[in-house]
Amino acid sequence: MKPNSGTLVINIMNGGKAEAYEGVYQCTARNERGAAISNNIVIRPSRSPLWTKEKLEPNQVREGDSLVLHCRPPVGLPPPIIFWMDNAFQRLPQSERVSQGLNGDLYFSNVQPEDTREDYICYARFNHTQTIQQKQPISVKVFSMDSLNDTIAANLSDTDIYGAKPVTERQPILLTPTGSTSTKVELRGNVLLLECIAAGLPTPVIHWIKEGGELPANRTFFENFKKTLKIIDVSEADSGNYKCIARNILGSAHHVISVTVKAAPYWITAPRNLVLSPGEDGTLICRANGNPKPNISWLANGVPIAIAPEDPSRKVDGDTIIFSHVQERSSAVYQCNASNEYGYLLANAFVNVLAEPPRILTPANKLYQVIADSPALLDCAYFGSPKPEIEWFKGVKGSILRGSEYVFHDNGTLEIPVAQKDSTGTYTCVARNELGKIQNEVQLEVKDPTMIIKQPEYKVIQRYGQVSFECIIKHDSTLLPTVIWLKDNDELPDDERFLVGKDNLTIMNVTDKDDGTYTCIVNTTLDSVSASAVLTVVAAPPTPAIIYARPNPPFDLELTGQLERSVELSWIPGDENNSPITNFVIEYEDGLHEPGVWNYQTEVPGTQTTVQLKLSPYVNYSFRVIAVNEIGRSQPSEPSEQYLTKSANPDENPSNVQGIGSEPDNLVITWESLKGFQSNGPGLQYKVSWRQKDVDDEWTSVIVANVSKYIVSGTPTFVPYEIKVQALNDLGYAPEPSEVIGHSGEDLPMVAPGNVQVHVINSTLAKVHWDPVPLKTVRGHLQGYKVYYWKVQSLSRRSRRHVEKKILTFRGNKTFGMLPGLEPYSSYKLNVRVVNGKGEGPASPDKVFKTPEGVPSSPSFLKITNPTLDSLTLEWGSPTHPNGVLTSYILKFQPINNTHELGPLVEIRIPANESSLILKNLNYSTRYKFYFNAQTSVGSGNQITEEAVTIMDEGKMAGILRPAVGAGKVQPLYPRIRNVTTAAAETYANISWEYEGPDHANFYVEYGVAGSKEDWKKEIVNGSRSFFVLKGLTPGTAYKVRVGAEGLSGFRSSEDVFETGPAMASRQVDIATQGWFIGLMCAVALLILILLIVCFIRRNKGGKYPVKEKEDAHADPEIQPMKEDDGTFGEYSDAEDHKPLKKGSRTPSDRTVKKEDSDDSLVDYGEGVNGQFNEDGSFIGQYSGKKEKEPAEGNESSEAPSPVNAMNSFV
């Protein structure tokens, strides 16, 4: 193993054998988060065995016969490359006649005397071992008939010598593959190679077709002189029958290869890595296809998931793993394995469960520059778990960006489709999730586009003149443009005659080569523009242009040397018209059979004016000649004189002879008729012959004319016939035709399949068997068997319905089949019929079978009604498909608290005949989740789920919780938000509230303009604090506000309304409206009243006491004079100081505060102008009950501020 790497190195250079390391290897990478595994890696040592010794006999072959030289190379790993050479290490020449097959054998379609040699050597090259093995030389000796007669003349009579025929021509036969049909299986994506090599003399030519379709374009290639058909990248659509046809002048042979394309597994959806946060849900999907369909299996950390450590958040459903409420311990590496008999796929997917606050990966203050009216893309690459929400703002205190003028991409990028100059500025990206938030600023600059305000213009200039092109531009002042001139989209010639100025191009002493298109290109770092103009250079005076045209037609056609099968044609060419004649085309007209129709005969080079033409018998020829040059074809010449060739026997017979019966007692023989010029003479007729095959009968013949079909009546049903059709005319017969095999007409099969058996595999699948019918009773081409099956009734409902018969067809001589899609717990009937080309035979006796019970479908509905404090009513409908006898219903339920945590699960079994249930002893104001399904004796069906909430008891709350009663109960939670209090200023407001309910609630504040129909705006409150500052409000505006808790659907406070103060030019406080000033005046008035009373009493008693002394002696602690040092009242303690804000303490519209309201105002939480909030709305500094205030500065009042002014001081 390499250090710091997973690479395994096997080195046998210093000793050791490769065989010792043969085997299957797999790499596993593991850490605390999981384990990933690699695909299997197979190591096998290469082998290059020697040829086995064998005694090779010389091959003695008669000239014209076929020959196969076998190579039979040793089996190596990988397989060797085969080639044939001679003793001089020269490759043996190959051609259509001699070629090497895919198996390495050397095939001779027909041997010739030059094939005689003693050094046919087969070589096997093993590339991995870099060795070449040689087979013993093979000797071939070809005997011609002349040499054979000379050799054996002394031992043969004159008659025998005379009977030794010269080399005879033979129609094709296939050397490989053998037989009429074969099969081949290839894998999807591989290269399909099909081979046909034929013997015959003359050498046959191979053609390939696909039955019922076309060979795939762009993927089909022919190799080895068309003997090998190669189709690359095969797919299932390439399955089918491929026919190779070997043909020479004597006939043809063919072979059909049935190709089936299978497929190793390939991905449809490979599993992908999954990042989840605790409590989230997710899925891993693994979908693959193949032929046959691959099996999907899962592993966790390299271990089959069935034996892997159990994870309650994980559920495997076929090709999908479903994760619910994952925790950090759920992190693992999962492997998906898709396999069939041809291969397998393996993919790793990492499920990473982590909680991560947002991070922004885009550099801070990144600068983006774009051209006006073009798109602007501002990046905000981020990461976090749970996935953060992204918001964009423009400016430091701008509002969130929304609207159709922006496009928000999933990766956080903000797109401004059409950026304008006013789009320039600072943009802020904010990423937040429940673990925190982060923001980043980027800069956008929008530049003016670059324009060519005066473009170059088209110019015509005489040779040796001077020309100038202008290119004046306008651009953004912050961009530096560069100007480039091109000629015909290439650089300007390196010539001093070309002068490039600031805004023009001048060409001195213009020549013909300066003719062309000149382009001015202006580039900046952000955009590019261009403009072009054409320069035409003319000469004075211009010379006339040369006119090129098609040639004139040839003339003076003459026929000479007339023979039965040939004639010589000569002619005189017409004018070339400045373009040489490249060739002449000769056409002919058959005035006897197709007058007025001109057919292609041949063509000759343009230097030739005579040609020897081959002719057919019994044709009245006329010829014409067409001249061709680079411009086009001439008009045809005048026709030559006519020449009628003599009649002769037909040279060929009709093609495409077939014998197919249309009725059970006839045989229809068809063929393609010869064309007129193929008749070779008058009186064209056809001799149709037939006889029953494998029966010692004589040929029956009939001669017909002007038809291409003959019907033989009275034949036995579906028997094979030998058929041949021979052409003849008034002069005699064509050569003996080849025979074809046909069949008389088919009739319906006579016998039904017997011994029909049904094996029920499961509740939805059955297998049916039958005995094949005797082939003689099929009375036609056996096409297969049809199985008719239908459902009689459902065993659970005992109700009959309209019988819908289903039909499955099984091709060929198959004796079994699968019946899918059956309904569980039902009674079925079926029968089987044999099928031929005529139709279906009689049906077998109906076979009755029953499917077992299955699991039911889910109940048709589940409704929860009549909620009370401690009960819910459940109603349900029976399953649409019971698939058996219902035994019971299973109800499971559990409470859900406000954090979505599930309580204990309670299970109840309900009789199958029930359709409703009242659940009692439930907790009030509690949400429950219900799981409901039906059961048969086989098992439980799919479940349906529903949620419901018991109602809350307003009269019993007051913070008192009912005790839990019964199994599965959780302590009821009663969230409530009340006493929402608002203190508003010009552009912000402080919102506070009281909350009763579970701990760790996450609050949010919703607000909007009062009386408006716009959607509520929502702000998240950090932490679980019970106050929040709304910023960015509009002065002098009435707002509505309410408070809610995340995760508690429907739990919000009642709406409250407040109004922001009007915009003020100064922060000066009106002292007459301050509560402390009013209190001071009241205290002074009270003191004066007491003094007056004391004086009045003293006067009434007649005593005279100094008032000052009396006050000093009997000082009232609650009536203290103002302190001289700071002008404030003495310390005053109020038992109400530490009470929460009370409902109704909003600031009145006249901006005054009543004393009873101000006792619990923001003044209690802040020290004058120094009381402040931090960014999340919490107070800065310690809480203090001390009311002494520091002196104010500037125009601020020295008195304790009201809540409104305290709010203003927080800005």
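Let us look at the structure shown here. (Residues numbered from 1 in each chain as written. Predicted model: local features only at pLDDT ≥ 70, side-chain atom pairs only at ≥ 80, totals over all residues. Heavy atoms only, no water.)

This brings us to the overall build of the protein chain. Assigned secondary structure in the protein chain consists of 7 helices and 85 strands. The buried share of the protein chain, reckoned over its 1211 residues, is 38%. For the protein chain, the share of sequence-separated contacts (at least 6 apart) that also reach a separation of at least 24 residues comes to 63%. Carbon and sulfur atoms make up 51% of the accessible area of the protein chain, which totals about 68400 Å². (Helix = DSSP H or I, 4+ residues; strand = E, 2+ residues; numbered from the N terminus. Buried < 20%, exposed > 50% of the residue type's maximum accessible area, 1.4 Å probe, protein only. Contact = heavy atoms within 4.5 Å. Areas by Shrake-Rupley, 256 points an atom, 1.4 Å probe, with all protein chains shown as cover.)

Our focus in this paragraph is the packing of aromatic side chains. The final tally for this structure, using the stated rule, is 23 aromatic pairs. For the ring pair F323 and Y334, a centre distance of 5.5 Å and an interplane angle of 70° mean the geometry is edge-to-face. Residue F323 is found in strand 28 (residues 320-323), and its partner Y334 is found in strand 29 (residues 332-340); the two are separated by 11 residues along the sequence. Taken individually, F323 and Y334 each receive the classification buried, so the pair is uniform in this respect. An aromatic cluster of at least three residues, connected via ring pairs, comprises F83, F89 and Y123. Directly above the ring of F816 sits K767, whose terminal nitrogen or CZ lies 4.9 Å from the centroid. One cation-aromatic arrangement involves R1042 over W1016; the distance from NZ or CZ to the ring centre is 4.0 Å. (Phe/Tyr/Trp six-rings, centres within 6.5 Å; stacked < 30°, edge-to-face > 60°. Lys NZ or Arg CZ within 6 Å of the ring centre and 35° of its normal.)

Moving on to the pattern of salt bridges. The full count for this structure, using the stated rule, is 30 salt bridges. Two residues, D238 and R219, come together in a salt bridge whose shortest N-O distance is 3.0 Å. Of this pair, D238 sits in the loop between strand 19 (228-231) and strand 20 (240-248) while R219 sits in the loop between strand 17 (205-210) and strand 18 (220-223), placing them 19 residues apart in sequence. For the residue pair D238 and R219, the accessibility class agrees, reading buried in each case. It is possible to trace a salt-bridge network through shared partners that takes in D86, R117 and D119. (Salt bridge = Lys/Arg side-chain N within 4 Å of Asp/Glu carboxyl O.)

What follows concerns the state of the cysteines. On inspection of all chains with the given rule, the structure shows 5 disulfides. One disulfide in the model links C286 with C336; its S-S distance is 1.7 Å. Residues C286 and C336 are joined through a disulfide that is left-handed, its torsion about the S-S bond being -65°. Of this pair, C286 sits in the loop between strand 23 (282-285) and strand 24 (287-291) while C336 sits in strand 29, and the two are 50 residues apart along the sequence. Each sulfur of the disulfide joining C471 and C520 lies 2.0 Å from the other. Disulfide C471-C520: the torsion about the S-S bond is -65°, which places it as left-handed. One end of the pair, C471, is in the loop between strand 42 (467-470) and strand 43 (472-474); the other, C520, is in strand 48 (residues 516-523), with 49 residues separating them in the sequence. Residues C471 and C520 agree in their burial class; the two are buried. Here the bonded cysteines of the protein chain are numbered in sequence order, and their pairing is 1-2, 3-4, 5-6, 7-8, 9-10. (Disulfide = S-S within 2.5 Å.)

In this section: the sheet that holds strand 45 (residues 490-491). Here we have 5 strands laid out as an open sheet, ordered 41-49-48-44-45, and mixed in their pairing. Looking at the sheet topology across the chains shown, the edges are occupied by strand 41 (459-462) and strand 45. As paired strands, strand 48 and strand 49 (residues 528-538) are joined by 8 bridges and run antiparallel to one another. Opposite Y518, over in strand 49, you have A533 as the bridge partner. (Pairing = 2+ DSSP bridges.)

Attention now goes to the sheet that holds strand 73 (residues 872-879). The 3 strands are arranged 72-73-76 in an open sheet whose pairing can be described as antiparallel. Because the sheet does not close on itself, it has two edges, and the strands there are strand 72 (859-865) and strand 76 (916-919). Averaged over all pairs of adjacent strands, the angle between their axes in this sheet comes to 15°, without regard to strand direction. The sheet contact formed by strand 72 and strand 73 spans 6 bridges and is antiparallel. Residue pairing for strand 73: K863 is matched across the bridge by E875. (Axes fitted to C-alpha atoms, helices over the stretch in contact; angles between N-to-C directions.)

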